Amino acid sequence: MTRFIAACFLLLFSAGLTAQEPEKVLSSIFDEALSDQTAWKHLEYICKNAGGRICGSPAAEKAVQYTREALIKAGADTVWLQIVSVPAWQRGKEKCTISTPAAGKEELTIAALGMSVGTTEKGITTGVLEVHDFDEIKALGAGRVKGKIVFFNRPADNKQINSFAAYGGAVNQRTAGASEAAKYGAVAVIVRSATPALDDFPHTGVTRYEDGIAKIPAVAVSTLDAELLSKRLKEYPELTLNIVSTCQTLPDTWSYNVIGEIRGSEKPGEYFTVGGHLDSWDICEGAHDDAGGCVQAIEMIRIYKKLGIKPKRSVRAVMFMNEEISGTGGRAYADEAKKNGEIHYAALESDRGVMSPRGFGFDADGEKLSKLQSLSKYFLQFNIRDFDKGGGGSDIAPLKAMGALQIGYMPDTQRYFSYHHSANDTFEEVNFREFQMGSASIAS
Ligand SMILES: [Zn+2]
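Quick look at the structure, then. Fair warning: this is a prediction, and the values are worked out from it, not measured in the lab.

**What about the overall build of the protein chain?**
Moving on, step 1. Helices and strands together make up the secondary structure of the protein chain, namely 12 helices and 16 strands.
Moving on, step 2. Considered along the principal axes of its C-alpha atoms, the protein chain spans approximately 90 × 40 × 40 Å.
Moving on, step 3. Classification of the 444 residues of the protein chain by burial places 55% in the buried group.
Moving on, step 4. About 19,000 Å² of surface is accessible on the protein chain, with carbon and sulfur atoms providing 54% of the total.
Moving on, step 5. Taken as two groups, the 49 positive and 55 negative side-chain charges of the protein chain have centres that lie 2 Å from each other.

Shown next as structure tokens:
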């Protein structure tokens, strides 16, 4: 009987809460986020003082120490570093020159792809074959490809409304192009940057070599210079290209995930993880990708503490290390969770830039999805409306096997790939209000 009354009371109490309190609580979260500069200063520091934080670098280490302190200052109950094995790769000298009879020598703007093997100081000089997909290389065959530099020039499809789909349609040239070309005897690849923007920024990103296939140097070229190279090839099919890229892979090293936790008031043994990745590419500040996502997680902790919000479950802000190259941070976090027998209720990742919030994507179906979608009513007052099926993030994906609901933070991403993995991804390209509307949405 007592239990029944308690259950009824609980039902009433929660009904009362959902009818009244959430709007007020959420408003106070947005008020706090939009009127405080702490997160903005954190973002500026990570972008300007740590800079290009490729995993295994001193810059990444600096960001680890800085965010650890930021989480302590934010008031997290516990803050710790979790050791992660990471690859170490270093960019070298980079130069790319076209030689044609009429135009003479012209420089192209390039950036080595992450984990690429390097060239000698003199580089590779040979003829170029332009292709747009892997079938084209196959059709050309070893007879044409052997000894050449393969130039992948398939643009991102600007007609795609979903910017991630446009990127997804072009990015296999970067991730797999080197091995595909090497199968037919190519000596290097130069890849059009996977961005819809036409500009002078080369966009790097990881390239992956297939086992048993010769590793050949791989570089990205800016989209404007891809257009130029294509034009010159039409004029002078016999032109030669010199690529110098003296990058090198160093032995694996150690780095850290940075974790801050607020202990749950009712179910401390159940966890809700919120995070982004702390590493970035070496050639950029990595403001949108993904210092912004990391700082939004820190900001959630700060806001809860400042406003006295006590989550029922334990909430963690996690800055994952090495998302960009091989995802060891996300896996180390899930492995440790499994070892400790933790229950992972849900996980949210912000890794699509920090533009204006549109909503969230949920990896859920049926009744669970409907229940999550019913929460969208509390967000309408902030013009946040998209509560859709499908979402997550690569760092939180390993938690899925432990039952954690996967949630992706979904900002407007039309500009994201103009910044992504290029020197154009700077603090200046972030807008305070858009960024903090995102922090508040995530905290909410
Ligand atoms: Zn990212």
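**Digging into the pairing of strand β13 (residues 343-349)**
Moving on, step 1. For β13, the tally of buried residues reaches five of seven residues, placing the bulk of the element in the interior.
Moving on, step 2. Inspection of the sheet shows strand β11 (residues 267-277) paired to β13 by six bridges, in the parallel sense. Following the sheet pairing, phenylalanine 272 is matched in β13 by alanine 346.
Moving on, step 3. With four bridges connecting them, β13 and strand β16 (residues 405-411) associate as parallel partners. Note that in β16 the partner of alanine 347 across the bridge is glutamine 406.

**Examining the sheet that holds strand β15 (residues 386-389)**
Moving on, step 1. Taking strand neighbours across the sheet as the criterion, the eight strands line up as β1-β10-β12-β11-β13-β16-β14-β15 in an open arrangement whose pairing is mixed. Edge positions in the open sheet fall to β1 (78-90) and β15, since each of these has one partner strand only. Strand-to-strand twist in this sheet, taken as the mean axis angle between neighbours without regard to direction, amounts to 20°.
Moving on, step 2. With respect to the sheet, helix α12 (residues 432-443) is in contact with β11, β13, β14 (357-362) and β16, its orientation differing from that of β14 by roughly 35°.

**Observations regarding the coordination of the zinc ion**
Moving on, step 1. Every protein donor of the zinc ion is accounted for by His277 (NE2), Asp289 (OD), Asp351 (OD) and Asp351 (OD), and the metal-donor separations fall at 1.8 to 2.7 Å.
Moving on, step 2. Of note is the zinc ion, whose four donor atoms meet at the metal with angles of 51 to 148° in an arrangement that counts as irregular.
Moving on, step 3. Read in sequence order, the donor residues coordinating the zinc ion give the pattern H-x11-D-x61-D. Remark: aspartate 351 occurs in the loop between β13 and β14 and aspartate 289 occurs in helix α8 (residues 287-307); sequence separation between them is 62 residues. The two residues aspartate 289 and aspartate 351 agree in class, both being buried.

**Some points on the packing of aromatic side chains**
What characterises a pair of aromatic rings is the spacing of the ring centres plus the angle enclosed by the ring planes.
Moving on, step 1. A full pass over the atoms with the stated rule returns 16 aromatic pairs.
Moving on, step 2. A ring pair is formed by phenylalanine 360 and phenylalanine 379, whose centres lie 5.9 Å apart and whose planes are at 75°; its orientation type is edge-to-face. Pair noted here: phenylalanine 360 is in strand β14 and phenylalanine 379 is in the loop between α10 (366-373) and β15, with a separation of 19 residues, a long-range link.
Moving on, step 3. Residue phenylalanine 360 is classed as buried on the basis of its relative accessible area of 6%.

**Things to note about the state of the cysteines**
Moving on, step 1. This model, assessed by the stated rule, comprises zero disulfides.
Moving on, step 2. The thiol of cysteine 47 is unpaired, and the distance to the nearest cysteine sulfur, on cysteine 284, comes to 9.2 Å.
Moving on, step 3. Looking at cysteine 47, the relative accessible area reads 2%, which means it is buried.
Moving on, step 4. The class for cysteine 284 is buried, based on a relative accessible area of 6%.

**Quick notes on the nonpolar core**
Moving on, step 1. In terms of nonpolar packing, the biggest core is built from 58 residues, with Leu278, Met300, Ile301, Met319, Phe360 and Phe362 touching the most fellow members.
Moving on, step 2. Take this core: its biggest share by element is seven residues, from α8.
Moving on, step 3. If we ignore the near neighbours within four places in the chain, the residues touching phenylalanine 362 are Leu369, Leu372, Phe387, Asp388, Lys389, Gly390, Gly391, Leu405, Gln406 and Ile407.

**Observations regarding the environment of arginine 208**
Moving on, step 1. Looking at the element boundaries, arginine 208 is found in the loop between β7 (188-192) and β8 (218-221).
Moving on, step 2. Since its relative accessible area comes to 47%, arginine 208 is described here as partly exposed.
Moving on, step 3. Between the C-alpha atoms of arginine 208 and serine 179, which are 29 residues apart in sequence, the distance is 7.8 Å.
Moving on, step 4. Setting aside residues up to four positions removed in sequence, arginine 208 forms contacts with Thr175, Ala176, Ser179 and Ile325.

Rules behind the numbers
Residues numbered from 1 in each chain as written. Predicted model: local features only at pLDDT ≥ 70, side-chain atom pairs only at ≥ 80, totals over all residues. Heavy atoms only, no water. Helix = DSSP H or I, 4+ residues; strand = E, 2+ residues; numbered from the N terminus. Buried < 20%, exposed > 50% of the residue type's maximum accessible area, 1.4 Å probe, protein only. Areas by Shrake-Rupley, 256 points an atom, 1.4 Å probe, with all protein chains shown as cover. Lys, Arg positive; Asp, Glu negative; His and termini not counted. Charge placed at Lys NZ, Arg CZ, Asp CG, Glu CD. Pairing = 2+ DSSP bridges. Axes fitted to C-alpha atoms, helices over the stretch in contact; angles between N-to-C directions. Contact = heavy atoms within 4.5 Å. Donors = N, O, S within 2.8 Å, 3.2 Å for Na, K, Ca; no water. Tetrahedral: all angles 85-135°; square planar, octahedral: opposite > 155°, others 65-115°. Phe/Tyr/Trp six-rings, centres within 6.5 Å; stacked < 30°, edge-to-face > 60°. Disulfide = S-S within 2.5 Å. Core = buried A, V, L, I, M, F, W, Y, C linked by side-chain atoms within 4.5 Å.

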